[in-house]
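Single-letter residue listing:
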Amino acid sequence: MLEIRNLHVSVDGKPVLNGIDLTIPAGEVHAIMGPNGSGKSTLAYVLAGREGYQVTAGEVRYQGSDLLALTPEARARAGVFLAFQYPVEIPGVANIYLLKAALNSVRKASGLAELDAMDFLALIRAKLKLMGMDEALLYRPVNQGFSGGEKKRNEILQMAVLEPKLAILDETDSGLDIDALKVVADGISSMRDAQRAIVLVTHYQRLLDYIVPDRVHVLSQGRIARSGGPELAKELERHGYGWIDAGRSSPMGEGP
Amino acid sequence: MNPEVRDHYQAEFARIATRLPGAEVAWVRAARAAALVQFVALGFPTRQQEGWKYTSVTPIENSRFSLRPSAAPRVTAAQVAELALPGALLLVFVDGRHVPELSPLDLLPEGVRLTSVAEALARDPEPLRMLLEGAVGLEATGFAALNAAFLADGTCLYLAEDVVLDAPIQLLFLASEPGIATHCHNLIRAGTRSSAVVIEHHVGLGDEAYCTNCITDIALASGAQFTHHKLQQESAKAFHIAAVRVKQGQDSRFHSGSFALGGGLVRVDIHVSLDGEGAECVLDGLYLTSGRQHVDHHTCVDHAVPRGTSHEFYKGILDGASRAVFNGKVIVRPDAQQSDAFQTNCNLLLSEKAEIDTKPQLEIFADDVKCGHGATVGQLDPEQIFYLRSRGLDDAAARGLLTFAFAAEVIERMPQAALKQRLEALLRGRSPDAVKELL
Amino acid sequence: MATPILNLDDLISQDYKHGFFTQLEADAVPRGLNEEVIRLISAKKEEPEFMLEWRLKAYRHWLTMTEPHWATVSHPPIDYQAISYYSAPKSRKEGPQSLADVDPELLRTYEKLGVPLEERELLAGVAVDAVFDSVSVATTFKDKLGELGIIFCAFSEAVREHPDLVRQYLGSVVPYTDNFFASLNSAVFSDGSFCYIPPGVRCPMELSTYFRINARNTGQFERTLIIADRDAYVSYLEGCTAPMRDENQLHAAVVELIALEGAQIKYATVQNWYPGDKEGRGGIYNFVTKRGDCRGADSKISWTQVETGSAITWKYPSVILQGDNAVGEFYSVALTNHYQQADTGTKMIHLGRNTRSTIVSKGISAGHGRNAYRGLVKVAASATNARNHTQCDSLLLGDRCMASTFPYIEVKNPTARVEHEASTSRIGEDQLFYCQSRGISAEDAVSMIVNGFCKEVFNKLPMEFAVEAQKLLGVSLEGSIG
């Protein structure tokens, strides 16, 4: 599904990612963990196509073709979804407009007919229920005045509606209380599917109590410092990120 | 004043003054004549005057519009029906004259008097005397004087104490004949604790030049709640000069909305005096300009006494080679303690030829006040564009949607559903096709 | 329950510290203005012909102009024929060759003002040019600066010694036709400071001019010209005082700054002209034109001003952002107490691409003071990607003062991003009571709050002047709250 080879990325001339190699097959859930500033969010943004990141080397192949050549909307239409760490507020645009516009653009790109208003509403209502969200949120401006938890749920709602092939969830667990975390985690779990790859970008292990990943990768100073099974997350929880950096000297050799 | 301009207006006055409504009443004639003298003395405003620094009315001065003594409606009921807002009480004016046939006012609740100025002058002019004789005050402009000199029609609305009028009143001003100037004056008195909504709607039916010069005076007694919304869709070549002057009594509440969509050269002055303690006003506005339009809003809120509140929210989207001007003044007089005034003006420039001149302004003479303003000129937020694109919208659609949303923020503040829907439809109509499909 | 905790009026009664008058023999021209007077000034200063011609052109232009009245200040009419346009300490006539030749009375005056002119007593790292009434009386550290190729001298000296530089730059930022007071200045200016920093030189010390009006019935019309050549840097400070008098005196200065490619000029003013007494009698009319031109790419001009003095202040230190990536800054504290009036602000004219400007204005009004911010941010069609942020705050002390804000924003380029914010606040009795109940005296509380309010601007001043500015503010606020 997704193959990242030797990816180097700079922001304002400063290297942030220093050679990422990562392969994520369909049907799997991968967690990318790491301390603040390790490059997790940069990786997520680069995959979604945000401006301001210069890819200086390497490539990213998505379903066999060059992902980096596509505009953000082309990636979305091809089935890439990024749940934002800080969902953007858009005053004046009702949530339901965005959902409908997004869904129809993705459907159109896949050669599907646009949904009519009735079918659309029925679909949305079902997904709302899944996320335990109030229908009133549909008619409020996108993310404006939403609580932190509502914003994150709204991201997962969008994912549930758009049914992407590759979902990248950037710190979706941050700022959630335990009840909201469970709802969000259930929402994500319900999306696990043999055709879909999910990337969980997270600082803490706690989301992984609810969604057990197939693989865990630890990012440090712009590189994958360690990869392993779900037990790696538990170990990190016990020892902290210092443990990874301490262990870097021998396997990684030279510094960044 | 240019002698040719003076001669033109004096000749027009001589030609039609005796045929204007109320001409048979001595004091009306005298008031008009005095106003003409004042107009000749004042002349049209010039750019040397601070309040007209960015707006030249030379094209109006050079246009020699003629005046029409009476109405000759060339407007059909079907045209009116298309513009009427559902559920509104409708008064239709064509080329500045009330047309009763097109204004089927049936049942008005007790305590509401709603007539045209022409009718009031014909039947019972006396109550208008003070208003019209004092119409041209000390700070008058040439336009106000011209309006008083050639006053032909307008609306008189009286609300008795405690009267609550649920249905909005739509004053539909249609311009059908090119080359003429119309001078209307709306006079509104809202009694203690009364409540009503007036929507002043100006529509140009053709695409020729003409001049609308319209004044609306509103006085709110204590506890009155009044809404005045103005929807301006004049023709692209039209001149539109409007003044809204409001005096608020104690604990009264006033909501103004000014939506400027049309007109070639537009100037709107909104002046609110918070004369009674605890009065509150909200001024909302939206200007959408394109082509070679020039749209100028000047607002002034005068906190004359303590505990007044004013909140102002104006936005503009400028395209083509258009130009918009915004000047929002807030005055807090000595002793108007505990005044609360805030003002926001945000502008979006879409084209390289567009220009905005904005000037929020505070003049504060009291210390226990909460006053502030913010003004911005900028572009769409790249974060928002990226967010929408990451959800599959292309760049043009994302921009179109965000531009729509920028304007919709003002429209959403309108509590009247019929007006809101109309505004949304108009806004949608101006959006790119990609966005129309989304909305 | 507004029990007055204390009478704040009592807090504040310190007088103007610099109000003494120095008895000196002066060489002054008779009152009045005509071409003869201008020829006389020019002759006294032994100016080259081009200078006299420029003055006369300015004078003739001035005659066609009328005094402006758009500012929110009011004053009785000024009789321009009642002013003496030139006054110099007599000992200057022969010209002091060194500080030893300077009238000791004059040196004592500057010592009283806290501006020692003897180099050994100077604050390390500050070179001073002292301007007394109409002429520059002493410039310190000239030789040391000269080694670096820096010219720092009296304006009249520059006219004689460096006529080509003067000719090239004088009036290139503020032309003699600019405005009523600038034209008047161009015709009659007597002295001022001149500074030229050669390419690539970073001026190693703060340069400073100290202005003093001493004689009665004189106007002070000094002119300052600072040129920072390519990649040069200079930080400049200006201070001003005057004796206490019942009548008003006119101060109409012009300051021109020119920053060439990559150059940076920091210009700071602590203005403490005599503000008049508590009833509004006397004081200086401070009508000043200050403008900088970021002529080259990547240049930067930054104005910082602390305006506590003068009966009326009327000035708008501005920046023309011509070069691409140029940066303009304006940081201002303006305080008006008693019957003082200030109408001050800035103009940021964006012409080049990627130009940036920042405006921070802090107005403090007390007593019957009137304080207006008036500013213009203009983004021309050529200024792609221009940015401005303006923050404009007013602090009101007492219910008889006035604060106004007149920001003009004119934008002709769709890539511009301009943000303007304004707010007002006051020191409430509840705040003072709160501080007092925590053991802080009301006086300290006021000073604490006011200094907090001004911090952003003080941070831009060189350290020792920031301390001075804070003290000055405390003194100027004496008696301000009721």
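Below: a short report on this structure. (Residues numbered from 1 in each chain as written. Chains lettered and ligands numbered in written order. Predicted model: local features only at pLDDT ≥ 70, side-chain atom pairs only at ≥ 80, totals over all residues. Heavy atoms only, no water.)

Okay, the overall build of chain C next. Along chain C, the regular secondary structure elements total 11 helices and 24 strands. Every one of the 482 residues in chain C was classed for burial, and the buried ones make up 63%. Pairs at least 24 residues apart make up 84% of the contacts formed inside chain C by residues separated by at least 6 positions. Carbon and sulfur atoms make up 49% of the accessible area of chain C, which totals about 17,700 Å². (Helix = DSSP H or I, 4+ residues; strand = E, 2+ residues; numbered from the N terminus. Buried < 20%, exposed > 50% of the residue type's maximum accessible area, 1.4 Å probe, protein only. Contact = heavy atoms within 4.5 Å. Areas by Shrake-Rupley, 256 points an atom, 1.4 Å probe, with all protein chains shown as cover.)

This paragraph deals with the overall build of chain A. When its secondary structure is counted, chain A shows 10 helices and 12 strands. Since a compact globule built from 256 residues should have a radius of gyration of about 18 Å, the 18 Å found for chain A is in line with a globular shape. Viewed in the frame of its principal axes, chain A has a C-alpha envelope of about 60 × 40 × 35 Å. Taking as baseline every contact in chain A between residues at least 6 positions apart, the subset at least 24 positions apart corresponds to 69%. Carbon and sulfur atoms form 50% of the exposed surface of chain A, whose accessible area is close to 10,700 Å². Computed over 28 positive and 31 negative side-chain charges, the separation of the two mean positions in chain A equals 1 Å. (Rg over C-alpha atoms; globule rule 2.2 N^0.38 Å. Lys, Arg positive; Asp, Glu negative; His and termini not counted. Charge placed at Lys NZ, Arg CZ, Asp CG, Glu CD.)

This brings us to the pattern of salt bridges. In the structure shown here, the tally under the stated rule is 57 salt bridges over all chains. Between D395 of chain B and R389 of chain B there is a salt bridge, with the nearest N and O atoms lying 3.7 Å from each other. Residue class for R389 of chain B comes out buried when judged on its relative accessible area of 13%. Ionic pairing is found between K362 of chain C and D393 of chain C, a salt bridge with its closest N-O pair at 2.9 Å. On the criterion of sequence distance, the pair formed by K362 of chain C in strand β20 (residues 356-366) and D393 of chain C in strand β22 (residues 387-397) is long-range, its members being 31 residues apart. Using a relative accessible area of 7% as the deciding quantity, one classes K362 of chain C as buried. (Salt bridge = Lys/Arg side-chain N within 4 Å of Asp/Glu carboxyl O.)

So, about the interface of chain B and chain A. Every contact between the two is made by 21 residues of chain B and, on the other side, 34 residues of chain A. Of the roughly 2,300 Å² buried between chain B and chain A on both sides combined, carbon and sulfur atoms contribute 61%. When the buried area of chain B at its contact with chain A is split by residue, F386, Y387 and R391 of chain B rank highest and sum to 34% of it. If you look at where chain B meets chain A, you find 3 salt bridges. Ionic pairing is found between R50 of chain A and E383 of chain B, a salt bridge with its closest N-O pair at 2.0 Å. Put simply, chain B and chain A have 12 residue pairs in polar contact (both at pLDDT 80 or more) between them. Contributing elements (two or more residues each) for the side of chain B that touches chain A: α8 (382-389), α9 (395-411) and α11 (433-438) of chain B. (Buried area = accessible area lost by both parts, 1.4 Å probe. Polar contact = N/O pair within 3.5 Å; in protein donor to acceptor, adjacent residues only side chain to side chain.)

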